[in-house]
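# Chains, contacts and geometry: an overview
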Amino acid sequence: MVHTDVLGVRADIPSGPDELRALPPERLPALAATLRAVLIEQVRANGGHLGPNLGVVELTLAVHRVFASPADRIVFDTGHQSYVHKLLTGRADAFRTLRQEGGLSGYPSQAESVHDIVENSHASTALSYAAGLARAYRLRHEDRRVVAVVGDAALSGGLAFEALNDIGGSGCPVVIVLNDNGRSYAPTTGGLARHLARLRSGIADADVFGELGVAYLGPVDGHDVAAVERALSAAAAGNGPVIVHCVTVKGKGYLPAETDEADRLHSVGAFDPAAAGRAAGAGGSAAPSWTDVFAEEIVGIGARRPDIVCVTASMLRPVGLREFADRWPDRIFDVGIAEQHAVCSAAGLALGGLHPVVAVYASFLNRAFDQVIMDVALHRLPVTFVLDRAGITGPDGASHHGMWDLSFLAMVPGLRVAAPRDSTRLRALLAEAVAVSDGPTAVRFPKSGVGADVPAIGRLDGVDVLYAAGRDVLLVAAGPVAPACVQAAVLLAAAGIGVTVVDPRWILPADHTVVRLAAEHRLVLTVEDAGRGGGMGAALAQAVADAGIGTRVHNLGLPRRFLPHGERAALLAAHGFTGAAIAEAARHALAGPGPHPEMRLS
């Protein structure tokens, strides 16, 4: 046993799955209570996914007692429910570093442990991974079981249905552990949710899984370790695909989580348990967030425009649509964790004469690229995409940094992308976006407090001028990086370098006015909280070259690699998004053609 102290909670936790399997059953209730105490204390101190992990304590114990990880492979869907798995696989001593820079990831991580095979934190993927793994082991004649722990909300995604169809038809020997708590953030919706409810209540005439060729066991009390062990052992004894339906309670064992109507304390910032376990916001900040501003403004737009409807992929509260849904329940469509369907159904709404607003995390829109380009843009449809969590997000790491959107949206013909620098610009640009009737638009903003307004000193054909003191360097700021660009301008001006700072507001496609301004400066430096490859800077560089303008264009953005988790401000600073670093990049670029270290593509 590992005798550890996690933020004041003294805990005796098995050092690994072998030691867990050796424990007598009568010791498991006390271990479950210890694990919950550790979870609560850790998330209380540093934030994280609390409700989902409290709900899978006994289920995870049973999985690791029946299956011999890492020989048997366990895939979590989604990965945010893997905290207990981490504690039971040799990481209890490091658990205090969860989601901290340089510490444990909030999701499975191959770099951390041989017990983590898939670093998945986008939903509905585990069954596809499991099908491939099971086939690989069968072809390689390896006696290894493959287990997919899947939430009922993740099962609503299209990819999960595709995998179920394949697994059932092919007979892949996959054990599917269905963690059915009836929720994603909010209660799960749709026909599958109704079917699972009927299975839970025992009134279903048949189960859809059996009809697809996947044997069904359950429902099982997911908080009864012995019952789950029996069901999993029966599943493991078979040669074909089996689904074990475990019914759990999200937030189990912590009353503030069990009674939280919003999302059962799904993801929280650091909090005081005496305050009922809810921080001032998901990020723990009392300042209004970008999401808060959007939430307020979309309600105002909805009141003026009855044709405005909103679409969400099971993220109603996180993307700020709760009040809109309360005001106009017939104008909000929660399609489940199904981004492809969300975007394509939005195309249908637009074809039907409405203006849909699809609110989604920027990193989750990756999953619907084909629908954006072929179903929305090809038909020149008025769909507005609101991309929350754009750019560096922070503690959720590589899979949640919204740094890819500009690279692929820049390829979409007819799509315009706006990046507001403050709350006033967010309100204005959102209104402009939904006023467009001949093609798609997108508005992107980060996960953070919105900060103070950054006033313009002038406007040129829709481009805001934020600073003007000479024509050596043209700093082009994409939205929230504007304050750092203005700080850089002040530093450069103090060094005798003339600077103009502009905010295009609409950053894609490249603005003709910014192209013209480029011809009037010695150097253009673009700054964007997104990947450098193919974003605003790349588009502007191409436009400047196409116009035959000889001004050099340098792009400051995020490198082309998966970035780790950490605090947003620290990660931005590490990649050159401070006034001092931007000023130094400009000075270096002015000095000669050689690359600045912060500007190299990697």
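Residues numbered from 1 in each chain as written. Predicted model: local features only at pLDDT ≥ 70, side-chain atom pairs only at ≥ 80, totals over all residues. Heavy atoms only, no water.

## Comments concerning the overall build of the protein
Worth spelling out the cut-off: Comment: elements are numbered from the N terminus, with helices defined as DSSP H or I runs of at least four residues and strands as E runs of at least two. The size measure is the radius of gyration over C-alpha atoms, and the globule rule it meets is 2.2 Å times the number of residues to the 0.38 power. A simple rule labels every residue: compare its accessible area, found with a 1.4 Å probe on the protein chains alone, to the largest value its type can have, and call it buried under 20%, exposed over 50%, or partly exposed in between. Here, two residues are considered to be in contact whenever any of their heavy atoms come within 4.5 Å of each other.
The secondary structure content of the protein amounts to 22 helices and 20 strands. Over its C-alpha trace the protein gives a radius of gyration of 25 Å, about what one expects of a compact globule, namely 25 Å for 602 residues. Taking the principal axes of its C-alpha atoms as reference, the protein extends roughly 75 × 55 × 55 Å. Classification of the 602 residues of the protein by burial places 59% in the buried group. Restricting the contact set of the protein to residue pairs at least 6 apart, pairs at least 24 apart contribute 74%.

## Some words on helix α10 (residues 225-236)
Put simply, the rule is: By this rule, a helix spans an expected 1.5 Å times one less than how many residues it contains. Counting of polar contacts relies on pairs of N or O atoms within 3.5 Å, with two restrictions inside protein: one atom must be capable of donating a hydrogen and the other of accepting it, and residues adjacent in sequence are counted only when both atoms are side-chain atoms.
Taking 1.5 Å as the rise per residue, α10 with 12 residues should run 16 Å; its terminal C-alpha atoms sit 16 Å apart, in good agreement. Along α10, the positions that sit buried rather than exposed are Val225, Ala227, Val228, Glu229, Ala231, Leu232 and Ala235. Those residues of α10 that are buried lie in contact with α2 (28-46), α4 (57-66), β5 (174-180), β6 (215-221) and β7 (242-247). With a side-chain oxygen lying 3.2 Å from the backbone nitrogen of Ala226, the N-terminal cap of α10 falls on Asp224.

## Quick look at the sheet that holds β7
Short version of the rule: The criterion for strand pairing is that DSSP finds at least two bridges linking the strands in question. Axis geometry follows a simple rule: fit a line to the C-alpha atoms, using only the stretch in contact for helices, then measure angles between N-to-C directions, giving values from 0 to 180 degrees.
Taken together, five strands build an open sheet; the order of strands is β3-β4-β5-β7-β6 and the sheet is parallel. Of all strands in the sheet, those bounded by a partner on one side alone are β3 (73-77) and β6. Averaged over all adjacent pairs, the angle separating strand axes in this sheet is 20°, with direction ignored. In terms of strand pairing, β5 meets β7 through six bridges, oriented parallel. In the strand pairing of β7, Asn179 is matched with Cys246.

## Notes on the sheet that holds strand β18 (residues 506-508)
With mixed pairing, the seven strands of this open sheet are ordered in space as β9-β8-β10-β11-β13-β12-β18. Pairing within the sheet leaves two strands with one partner each, and these edge strands are β9 (332-334) and β18. Here the average twist between neighbouring strands, direction ignored, is 25°. Across three bridges, the pairing between strand β12 (residues 416-418) and strand β13 (residues 441-444) is parallel. If you follow Arg416 over to β13, its bridge partner there is Thr441. Running at roughly 165° to strand β10 (residues 355-361), helix α14 (residues 339-351) makes contact with β8 (308-312), β9, β10 and β11 (384-388) of the sheet.

## Remarks on the nonpolar core
Our working rule: Buried Ala, Val, Leu, Ile, Met, Phe, Trp, Tyr and Cys residues that are joined via side-chain atoms within 4.5 Å together make up what is termed a nonpolar core.
In terms of nonpolar packing, the biggest core is built from 80 residues, with Phe294, Ile298, Leu321, Leu365, Phe385 and Leu409 touching the most fellow members. Residue contacts for Ile298: discarding those within four places in its chain leaves Ile308, Cys310, Gly320, Leu321, Phe324, Val357 and Leu430. Within the second largest apolar cluster, 52 residues are counted, among which are Leu28, Val63, Leu87 and Phe95.

## Digging into unusual backbone geometry
Between Asp77 and the following residue, Thr78, the backbone shows a cis peptide bond with an omega angle of 0°. With omega at -5°, the peptide bond leading from Leu508 into Pro509 counts as cis. Checked against the element boundaries, Pro509 lands in the loop between β18 and α19 (512-518). Residue Ser314 is not a glycine yet carries a positive backbone phi of 65°. With a relative accessible area of 9%, Ser314 lands in the buried category. Phi at Arg389 takes a positive value of approximately 60°, unusual for a residue other than glycine. Within the fold, Arg389 resides in the loop between β11 and α16 (405-409).

## Quick notes on helix α20 (residues 536-546)
As a reminder of what qualifies: Arc definition: it is the arc formed by the directions from the helix axis to the C-beta atoms.
Of the positions making up α20, those classed as buried are Met536, Gly537, Leu540 and Val544. Buried residues in α20, looked at end-on, bunch into an arc of 90°, giving them a common side. In the core, the buried residues of α20 are packed alongside α16, β16 (473-477), β18, α19, β19 (523-531) and β20 (552-558).

## Observations regarding the packing of aromatic side chains
In plain terms, the rule: Each Phe, Tyr or Trp ring (for Trp, its six-membered ring) is paired with any other whose centre lies within 6.5 Å, and the angle between the two planes then decides the class: stacked below 30 degrees, edge-to-face above 60, tilted in between. For a lysine, the NZ atom is tested; for an arginine, the CZ atom; a charge sits over a ring if that atom is within 6 Å of the ring centre and within 35 degrees of the ring normal.
Inspection of every chain in the model, using the stated rule, returns nine aromatic pairs. Here the aromatic rings of Phe209 and Tyr216 are separated by 6.2 Å at their centres, their planes lie at 5°, and the arrangement is stacked. Assigned by exposure class, Phe209 and Tyr216 land together as buried. What links up through ring pairs into an aromatic cluster is the set Trp290, Phe294 and Phe445. Cation over ring: Arg331 sits above Trp328, and NZ or CZ is 4.6 Å from the ring centre. In this structure, Arg416 is placed above the aromatic ring of Trp506, and the distance from its NZ or CZ to the ring centre is 4.2 Å.

## Focus on the pattern of salt bridges
Note the threshold: We define a salt bridge as a side-chain nitrogen of Lys or Arg found within 4 Å of a carboxyl oxygen belonging to Asp or Glu.
On inspection of all chains with the given rule, the structure shows 32 salt bridges. Between Lys86 and Glu112 there is a salt bridge, with the nearest N and O atoms lying 2.7 Å from each other. You can see Lys86 sitting in helix α5 (residues 83-88) and its partner Glu112 sitting in the loop between α5 and α6 (126-139), a full 26 residues away along the chain. For Glu112, a relative accessible area of 25% gives the class partly exposed. Across the pair Arg421 and Asp464 runs a salt bridge, and its minimum N-O distance is 2.8 Å. Remark: Asp464 occurs in strand β15 (residues 463-469) and Arg421 occurs in the loop between β12 and α17 (423-435); sequence separation between them is 43 residues. We note that Arg421, like Asp464, is buried. Each of Arg421, Asp422, Arg425, Asp453, Arg459, Asp464 and Asp503 takes part in a single network of salt bridges with overlapping partners.

## What to know about the confidence of the model for the protein
Low-pLDDT stretches of the model should not have their predicted coordinates read in fine detail. To keep it simple, the criterion reads: Along the chain, pLDDT gives the predictor's confidence residue by residue, from 0 to 100.
Taken over all residues, the pLDDT of the protein has a mean of 92, while the share at 70 or more is 95%. Confidence drops under pLDDT 50 across residues 280-285; counting only partners more than four residues distant or on other chains, this segment forms nine contacts. Throughout residues 598-602 the model reports pLDDT below 50, and contacts reaching past four residues in sequence, or to other chains, amount to 17 contacts.

## Quick word on the pairing of strand β17 (residues 499-503)
Here is the rule we go by: By definition, the crossover connecting two strands over a helix is right-handed if that path, from the first strand to the second, turns clockwise as seen with the strands pointing away from the viewer.
For β17, a buried count of five out of five residues is recorded, marking the element as mostly surrounded by other parts of the structure. With burial as the criterion, each face of β17 is covered, one bearing Val499, Val501 and Asp503 and the other bearing Thr500 and Val502. Examined bridge by bridge, β15 and β17 share five bridges and lie antiparallel to one another. Opposite Ala469, over in β17, you have Val499 as the bridge partner. Note that β16 and β17 share four bridges and pair parallel. Bridged to Leu474 within β17 is Thr500. For the handedness criterion, the β-α-β arrangement of β16, helix α18 (residues 482-494) and β17 is classed as right-handed.

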